[in-house]
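# Working through the structure, step by step
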Amino acid sequence: MADSYLLGLILASTLGLLVLYNLFMRRNGRERSAPAATTTSISRECRSRNGGGDDVDVIIVGAGVAGAALAHTLGKDGRRVHVIERDLTEPDRIVGELLQPGGYLKLIELGLEDCVEEIDAQRVFGYALFKDGKSTVLSYPLEKFHSDVSGRSFHNGRFIQRMREKAGSLPNVRLEQGTVTSLLEEKGTIKGVQYKTKDGEEQAAYAPLTIVCDGCFSNLRKSLCKPKVDVPSCFVGLVLENCDLPYANHGHVVLADPSPILFYPISSTEVRCLVDVPGQKVPSISNGEMAKYLKTVVVPQIPPQLHDAFLAAIDKGNIRTMPNRSMPAAPQPTPGALLMGDAFNMRHPLTGGGMTVALSDIVVLRDLLRPLSDLNDAPTLCKYLESFYTLRKPVASTINTLAGALYKVFCASPDQARKEMRQACFDYLSLGGIFSTGPVSLLSGLNPRPLTLVLHFFAVAIYGVGRLLVPFPSPKRMWIGARLISGASGIILPIIKAEGVRQMFFPATVPAYYRAPPMK
């Protein structure tokens, strides 16, 4: 078996490198389109002041996970920060509830680990995977870490409020409720923002650097990047009360038809269920179609011990939906401004990697800004911060690519080759050892290595082909095997291309990678 796996790795490596080289040679010449304007021109001299008249270094638009964590991080480093958030009351969302161990390590690095305390957060030690009545447990490889390190799951709103409170406790951080309507621009440089206060008063705020973290529904991103938002599916969310999951302290993924179903604890008495529905249309909740769909299509496919709690949650009626967005990072470096969080980069939430990417990005940005005492030279700062887009790639591209690829593999399909790939993935992960710890370490953010991801992905495909050809290959099975390899390539290679082959696999060849802090 070891020899077969070694041969598979060699073949996968060769195939992967050939395809990557081909992509690398052809990736230039992408079409560039001018972004829609979400900026307001100003003619007067820029002042480093906010609406309250205080000098500020950084304006942050949005106080979600990314904005609140960034505000605390920059504030702790001595920056004067003005945060403008549309709604400072506790959010109520059905995603952003599971933080991977890699994200928790970033939380520790930022000094925010106490934000998962006193919110009834639950520790998560891995995943349980279900398919056709069979199950396998995939544990996080946490042996080399402190006993406190694990995943965490919680109510998203409670977590955000804890971070907002911690950021707001710093004397140099000001949180204000208001709606940013546009970025203020002068001669191609962003000087600040135009916003409406809680009372409806129009105000302007100015700072040398504006960081936009206004989430997946961002209305400001079009002026700072080239967004290509895809909505592959929607989540239907329910909360199951007072029930025990088959495997305590684990996320549960059911490989259902037509697409995956997720379960994970969000408190000591509640379990979140997310039912993925492909496409942008979901059954109507108001006329009862959704309840019927959940009872007739979903219930028969979930673990039997969850049936009663699931039916009770449906009857309770608190069913919510949310579109799942995916958007590769396509920055358009602009002096005086930067995008962060879901406003900048999104991936399918199946793997729960969004917060890990956001926190990792904040660590990278913090380290880049630390040597700088003055942020006022916007063009020079913009050129320096181009390195951010390359330095973030190991973590971001690994998690983004894995999320997109796994979602497509885990979805049911009538195509025989896709069925074989799905079964091969389940069986490969069930082998244990490196076959499970390798992929799980990638998913958890503990081992953000893009090349390792590609090797494991094609190893799964080759494992699937081997299953087809043993003990006796036939023309039909060989044809399915060829289509399996072709299909696997068709899944992962477009995602890699969108992430950027050069930045993902050869970051040291990008000039911005070596950019030094500007000298005063």
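As a reminder, the structure under discussion sits directly above these lines.
Described in the following lines is the structure provided in the data block. (Residues numbered from 1 in each chain as written. Predicted model: local features only at pLDDT ≥ 70, side-chain atom pairs only at ≥ 80, totals over all residues. Heavy atoms only, no water.)

## Details of the overall build of the protein
Regarding its fold elements, the protein presents 14 helices and 18 strands. The buried share among the 520 residues of the protein stands at 54%. In the protein, the proportion of contacts linking residues at least 24 apart, taken out of those at least 6 apart, comes to 74%. Element-wise, carbon and sulfur atoms account for 54% of the exposed surface of the protein, whose accessible area totals about 22,400 Å². (Helix = DSSP H or I, 4+ residues; strand = E, 2+ residues; numbered from the N terminus. Buried < 20%, exposed > 50% of the residue type's maximum accessible area, 1.4 Å probe, protein only. Contact = heavy atoms within 4.5 Å. Areas by Shrake-Rupley, 256 points an atom, 1.4 Å probe, with all protein chains shown as cover.)

## A few points about the pattern of salt bridges
What the rule picks out here adds up to 20 salt bridges. Between D92 and R320 there is a salt bridge, and its shortest N-O distance comes to 3.1 Å. You can see D92 sitting in the loop between β3 (81–85) and β4 (98–99) and its partner R320 sitting in strand β17 (residues 320–326), a full 228 residues away along the chain. A residue is classified by how much of its surface remains accessible, and R320, at 28% relative accessible area, is partly exposed. A salt bridge links K295 to D315; its shortest N-O distance comes to 3.0 Å. Of the two residues, K295 is situated in helix α5 (residues 289–298) and D315 in helix α6 (residues 307–316); the sequence distance between them amounts to 20 residues. Beyond isolated ion pairs, a larger network of salt bridges with shared partners links K106, E109, R366 and D367. (Salt bridge = Lys/Arg side-chain N within 4 Å of Asp/Glu carboxyl O.)

## Some details on the sheet that holds β4
With antiparallel pairing, the 3 strands of this open sheet are ordered in space as β4-β8-β5. Edge positions in the sheet fall to β4 and β5 (122–124), since each of these pairs with one other strand and no more. Bridge count for β5 against strand β8 (residues 151–153) is 3 bridges, and the pairing is antiparallel. Of the residues in β8, the one forming a bridge with V124 is G151. (Pairing = 2+ DSSP bridges.)

## Focus: the packing of helix α3 (residues 101–109) against helix α7 (residues 354–369)
Axis separation between α3 and α7 bottoms out at 8 Å; the angle between their running directions is 35 degrees. Where α3 crosses over α7, the two elements pack in a sense that is left-handed. Residues G102, G103, K106, L107 and E109 of α3 touch α7, and the partners they reach there are T356, L359, S360, V363 and R366. Here the residues of the contact of α3 with α7 are counted per class, giving 3 nonpolar, 4 polar and 3 charged. (Axes fitted to C-alpha atoms, helices over the stretch in contact; angles between N-to-C directions. Left-handed = near helix turned anticlockwise from the far one by under 90°. Nonpolar A, V, L, I, M, F, W, Y, C, P; charged D, E, K, R; others polar.)

## Some details on a nonpolar patch on the surface
Taken together, the side chains of L391, Y513 and Y514 present a nonpolar region at the surface, about 300 Å² in accessible area. If you trace the backbone, Y513 turns up in the segment after α14 (501–505). Classification of Y513 by relative accessible area gives partly exposed; the value is 35%. (Patch = residues over 30% accessible without salt bridge, like charges linked within 9 Å, V, L, I, M, F, W, Y side chains within 5 Å.)

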